[in-house]
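Chain by chain, the residues run as shown.
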Amino acid sequence: MKFGVSTFVTDQGIAPDVLGAALEERGFGSLFVTEHSHIPASRDTPFPGGGELPRNYYRTFDPVVVLTAAAVATERLLLGTGIALIPQRDPIIFAKEMASLDQVSGGRAVLGIGAGWNREEMRDHGTDPRTRMALMRERVLAMKQLWTQEQAEFHGEYVDFPPAYSWPKPLHPIPVLVGGWGPGTFDRVLEYGDGWFPYAASPEVLAAGITELRERAGRRVPVVVHAAAPELKAVADLAEAGADEITFNLPAAPRDETLRRLDLMAGLLG
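Not measured: the values here are computed from a predicted model.

What follows is about helix 9 (residues 255–266). In a regular helix each residue adds 1.5 Å, so twelve residues correspond to 16 Å; helix 9 covers 16 Å between its end C-alpha atoms and thus fits that length. Residues Thr258, Leu259, Leu262 and Met265 constitute the buried set of helix 9. Each buried residue of helix 9 lies within a common arc of 120° when the element is viewed along its axis, so the set occupies one face. Residues of helix 9 that are exposed and point over 90 degrees away from its buried face: Arg260 and Leu264.

Moving on: the sheet that holds strand 2 (residues 30–33). Strand order in the open sheet formed by eight strands is 8-7-4-3-2-1-10-9, with parallel pairing between adjacent strands. The sheet terminates laterally at strand 8 (195–197) and strand 9 (224–228), the two strands that pair on one side only. When strand polarity is set aside, the average angle formed by the axes of neighbouring strands in this sheet is 25°. When strand 1 (residues 2–7) meets strand 2, the two strands line up parallel, connected through four bridges. Within strand 2, the position partnered with glycine 4 by the bridge is serine 30. Across the face of the sheet, helix 2 (residues 63–72) comes into contact with strand 2 and strand 3 (78–85) while running at roughly 175° to strand 3. Across the sheet, helix 9 touches strand 1 and strand 10 (245–250), and the angle it forms with strand 10 is around 145°.

Below, the discussion takes up the packing of aromatic side chains. Using the criterion set out here, one finds nine aromatic pairs in the structure. For the pair phenylalanine 32 and phenylalanine 197, a centre-to-centre distance of 5.0 Å together with 45° between the ring planes defines the contact as tilted. Placement of phenylalanine 32 in strand 2 and of phenylalanine 197 in strand 8 is noted, with a sequence separation of 165 residues between them. Exposure class is identical for phenylalanine 32 and phenylalanine 197. Each is buried. Pairing tyrosine 165 with tryptophan 167 gives two aromatic rings, centres 6.1 Å apart and planes at 20°, and the pair type is stacked. Taking relative accessible area as the criterion, tyrosine 165 reaches 55% and is therefore assigned exposed. Following the ring pairs from residue to residue traces out a cluster consisting of Phe8, Phe47, Tyr57 and Trp117. Taking the ring centre of tyrosine 58 as reference, the NZ or CZ of arginine 55 above it sits at 4.4 Å. Between the NZ or CZ atom of lysine 169 and the centre of the ring of tryptophan 167, over which it lies, the distance is 4.9 Å.

Attention now goes to the pattern of salt bridges. Under the definition given, this model contains 17 salt bridges. For the salt bridge of arginine 123 with glutamate 120, the shortest nitrogen-to-oxygen distance reads 3.7 Å. In this pair, arginine 123 and glutamate 120 are both assigned in helix 4 (residues 119–124), three residues apart and thus about one turn of the helix distant. Of the residues examined, glutamate 120 reaches a relative accessible area of 11% and is grouped as buried. Across the pair aspartate 237 and lysine 233 runs a salt bridge, and its minimum N-O distance is 2.7 Å. With aspartate 237 and lysine 233 both in helix 8 (residues 232–241) and four residues apart, this pair spans about one turn of that helix. Overlapping salt bridges, with partners in common, bring together Glu35, Asp62, Arg89 and Glu97 in one network.

Bringing the packing of helix 6 (residues 185–192) against helix 7 (residues 203–217) into the picture now. With their axes 11 Å apart at the nearest point, helix 6 and helix 7 run at an angle of 40° to one another. Between helix 6 and helix 7, the angle falls in the class oblique. The handedness of the crossing between helix 6 and helix 7 is right-handed. When helix 6 is examined against helix 7, the residues Phe186, Asp187, Val189 and Leu190 are found in contact with a partner set consisting of Gly209, Glu212, Leu213, Arg216 and Ala217. Partitioning the contact of helix 6 with helix 7 into residue classes produces five nonpolar, one polar and three charged.

Cut-off values and rules
- Within each chain, residue numbers correspond to sequence positions counted from 1 in written order.
- For this predicted model, a pLDDT threshold of at least 70 governs which residues receive local features, and a threshold of 80 or more governs which side-chain atom pairs are given and counted, while totals over whole chains, interfaces and linings are taken from all residues.
- For side-chain calculations, the full set of non-hydrogen atoms in the structure is used, while hydrogens and water are omitted.
- Starting at the N terminus, helices and strands are each numbered in turn, a helix being any DSSP run of H or I of at least four residues and a strand any DSSP run of E of at least two.
- One less than the residue count of a helix, multiplied by 1.5 Å, gives the span that helix is expected to have.
- Whether a residue is buried, partly exposed or exposed follows from its accessible area with a 1.4 Å probe, protein chains only, as a fraction of its type maximum: under 20%, in between, or over 50%, in that order.
- This arc corresponds to the set of directions leading from the helix axis out to the C-beta atoms.
- In short, DSSP must find at least two bridges between two strands for them to pair.
- Axes here refer to lines fitted to C-alpha atoms; in helices the fit is confined to the stretch in contact. Angles between the N-to-C directions go from 0 to 180 degrees.
- It only takes one pair of heavy atoms within 4.5 Å for two residues to be counted as in contact.
- Paired rings are identified among Phe, Tyr and Trp, the last through its six-membered ring, by centres lying within 6.5 Å, and are further divided according to the angle between planes into stacked (under 30 degrees), edge-to-face (over 60) and tilted (the rest).
- Only lysine NZ and arginine CZ atoms are considered, and such an atom sits over a ring when it is within 6 Å of the ring centre and within 35 degrees of the ring normal.
- When a carboxyl oxygen of Asp or Glu is within 4 Å of a side-chain nitrogen of Lys or Arg, the pair counts as a salt bridge.
- An angle counts as roughly parallel when it lies under 35 degrees, as roughly antiparallel when it exceeds 145, as roughly perpendicular when it falls between 65 and 115, and as oblique in every other case.
- Left-handed describes a crossing in which the near helix is turned anticlockwise from the far one by less than a right angle; the clockwise case is right-handed.
- Side-chain classes are defined by residue name, with Ala, Val, Leu, Ile, Met, Phe, Trp, Tyr, Cys and Pro counting as nonpolar, Asp, Glu, Lys and Arg as charged, and the others, Gly among them, as polar.

Here it is as structure tokens:
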């Protein structure tokens, strides 16, 4: 079993380079960071977690900047987006950013993706929430072309560009972990993903999902559980369900408080 953390990195919390170094020193294998470009002040979309939207959502750093800072302070830590909101990102620019991160880190970039839930936020980027899944599909496929082809081109309904040069190329094929539990999630994993990135759920529900996905794929599709509780029972249950990696939910907090939490979490790594 592999272990990492999923967290928000904000201007009120631990610095990303300090966080990365602390994780690697304690034996964690990965860091996944969330993103929101902004939060519209007038918002009708309900928060999926219920209640008021936590303030951390308003204050997140850009994930590529965070992960680059962590890369410079580490040697082995995998550096992932958890998740990148693909319908809000230009695929040509984001492909270059992720490839640059992979080069800077020596091949440690991981792309966790999702379509997002905040419809007002999407609309501010010119995205129609009704077509965000189709848009995400084309943008990911276009990014893969830019990463792998000397002259990349893509022609779709939402993404369309003629042959073009784009460097740097990643040092390794950047794994694409598809988040979500909704209808069509497994279709997306199997078409253009390299693994599944579900939120932590009951072990029974997760085990059923993993079994279904792997049966459909005819192979062991990697599963990275996002934002699990840092508890021994949760670790045992998720391992039994078939997860390959567990990322613990790490609340955004100042340096000293974060380091204390990481010390407690590190006791679960054995």
